[in-house]
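These are the residues of each chain, in order.
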Amino acid sequence: MGSLAVLLLSAFPWALWFMLRPTFPLSILFIPVLLASPFVIVAAAIRLYRRRNLTEHDRLACEYYIRGVVGVIVIAILMSLAMILPVFNASLDGSYVPDEPTRLFLSQEMNHFTNRNRIDLRKDGTFTMTDVPDFTQMSEVPTGFLNESGTWKAEGRELTLMYHPASTPGTEVWLGIEIEGAIPPYRLKMVFGDPDMDKYAVFERTAE
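Analysis parameters
- Residues numbered from 1 in each chain as written.
- Predicted model: local features only at pLDDT ≥ 70, side-chain atom pairs only at ≥ 80, totals over all residues.
- Heavy atoms only, no water.
- Core = buried A, V, L, I, M, F, W, Y, C linked by side-chain atoms within 4.5 Å.
- Buried < 20%, exposed > 50% of the residue type's maximum accessible area, 1.4 Å probe, protein only.
- Helix = DSSP H or I, 4+ residues; strand = E, 2+ residues; numbered from the N terminus.
- Contact = heavy atoms within 4.5 Å.
- Phe/Tyr/Trp six-rings, centres within 6.5 Å; stacked < 30°, edge-to-face > 60°.
- Pairing = 2+ DSSP bridges.
- Salt bridge = Lys/Arg side-chain N within 4 Å of Asp/Glu carboxyl O.
- pLDDT = per-residue confidence, 0-100.
- Arc of directions from axis to C-beta.

S.K.: Sorry, what's going on with the nonpolar core here?
M.R.: In summary, soluble globular proteins display a tendency toward joint burial of nonpolar side chains. Counting 26 residues, the largest nonpolar core has L92, I119, L121, M129, L159, L161 and L188 as its most contacted members. For this core, the secondary structure elements donating two or more residues are helix 5 (100–108), strand 2 (118–121), strand 3 (126–133), strand 4 (145–155), strand 5 (158–163), strand 6 (173–180), strand 7 (187–191) and strand 8 (200–205). What L188 contacts, discounting residues up to four positions off in sequence, is L92, Y96, I119, L121, L159, I177, E178, I179, A201, V202 and F203.

Quick look at the structure:
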């Protein structure tokens, strides 16, 4: 029970990181604290553990701290690796629809939320976008929607779409969409305008 409590307490900085998702320059200040804090706790616990006048209760408490924080470090490393490992096509195909914040954005900011807003990635490498906010515009609130079909593939942590717009025959368009998530089901993130303004749409995989 003690190890579990310490594990949860030590995981707080990582939980805070994932909730806030700080951007530059705050992230530059946050990362050293995030990485250093567990090692500082472990070092303090080991130093205390080596004292000869410790009671049995204090010694057990130190062991809980060491085990808990080491566990958090291992989990953090595994999660970090999962976030940077490439995504394979086989784990990405399916239908994606707006998540709750994106549905609100479509309804309130764009006045255009319907059951047709979706991205379909098929196993044969083709895709269809239906009423997807036009994130190719340099605007925080897009004024149009993408309704296109073409081919797709996963490259690292990015989904690459290629299509020929009906409005400009012979033109080839390539789009990149960020893939979010450590494990399937993944989410597709499209940023609007300046990335520093933190305006984006997220489409999540449906259970269909």
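Having seen the model, we can carry on.
S.K.: Looking at this model, I keep getting lost on the packing of aromatic side chains. Mind explaining?
M.R.: Aromatic rings in a pair are described by how distant their centres are and how their planes are angled relative to each other. For the coordinates displayed, the defined rule picks out 2 aromatic pairs. Their ring planes at 25° and their centres at 5.4 Å tell us that F105 and F192 sit as a pair that is stacked. Here the residue F105 occupies a position in helix 5, and F192 occupies one in the loop between strand 7 and strand 8, the gap between them amounting to 87 residues. Overall, F105 belongs to the buried group, its relative accessible area being 10%. For F192, a relative accessible area of 1% gives the class buried. Arranged with centres 6.4 Å apart and planes meeting at 75°, the rings of F127 and Y163 form a pair that is edge-to-face.

S.K.: Quick question: what am I supposed to make of the pairing of strand 1 (residues 94–98) here?
M.R.: Side-chain positions along a regular strand alternate between the two faces of the sheet. Counting buried residues in strand 1 gives 5 out of 5 residues, a clear majority hidden from the surface. In this sheet, strand 8 lies alongside strand 1 in antiparallel orientation, the contact comprising 3 bridges. By the bridge assignment, V97 is partnered in strand 8 with E204.

S.K.: I keep staring at unusual backbone geometry and nothing clicks. Help me out?
M.R.: For residues besides glycine, phi is generally negative; the peptide bonds are generally trans as well. Of note in this structure, D131 is not a glycine but carries a positive phi near 50°. Here D131 lies in strand 3. For D131, a relative accessible area of 8% corresponds to the buried category. Unlike most non-glycine residues, D198 shows phi in positive territory, near 60°. Among the structural elements, D198 can be located in the loop between strand 7 and strand 8. Residue D198 is classed as partly exposed on the basis of its relative accessible area, which comes to 49%.

S.K.: Honestly, the pattern of salt bridges in this entry has me stumped. Any pointers?
M.R.: Between side chains of opposite charge, a pair can form when the charged atoms approach closely. Inspection of the entire model under this criterion finds 6 salt bridges. Here E100 ties to R103 by a salt bridge, and the two come within 2.6 Å at their closest N and O atoms. With a gap of 3 residues between them, E100 and R103 both fall in helix 5, about one helical turn apart. A salt bridge links D120 to R118, with the nearest nitrogen and oxygen atoms 3.1 Å apart. Each member of the pair, D120 together with R118, is buried. Each of the salt bridges in this network shares a partner with another, and the network as a whole consists of E180, R187 and K189.

S.K.: What am I meant to see in the confidence of the model for the protein here?
M.R.: The predicted structure's coordinates, where accompanied by low pLDDT, should not be read in detail. Mean pLDDT over the protein: 76, with 62% of residues reaching 70 or higher. Confidence, read as mean pLDDT per element, is least for helix 1 (residues 2–10) in the protein (49) and greatest for strand 2 (96).

S.K.: Would you explain helix 5 in this entry?
M.R.: For an α-helix the count is 3.6 residues per turn, leaving residues at separations of three or four pointing the same way. Restricting attention to buried positions, one finds in helix 5 the residues T102, F105 and L106. Each buried residue of helix 5 lies within a common arc of 95° when the element is viewed along its axis, so the set occupies one face. What points out from helix 5, more than 90 degrees from its buried face, is the exposed set P101 and Q108. Those residues of helix 5 hidden inside the fold are in contact with strand 1, strand 3, strand 4 and strand 8.

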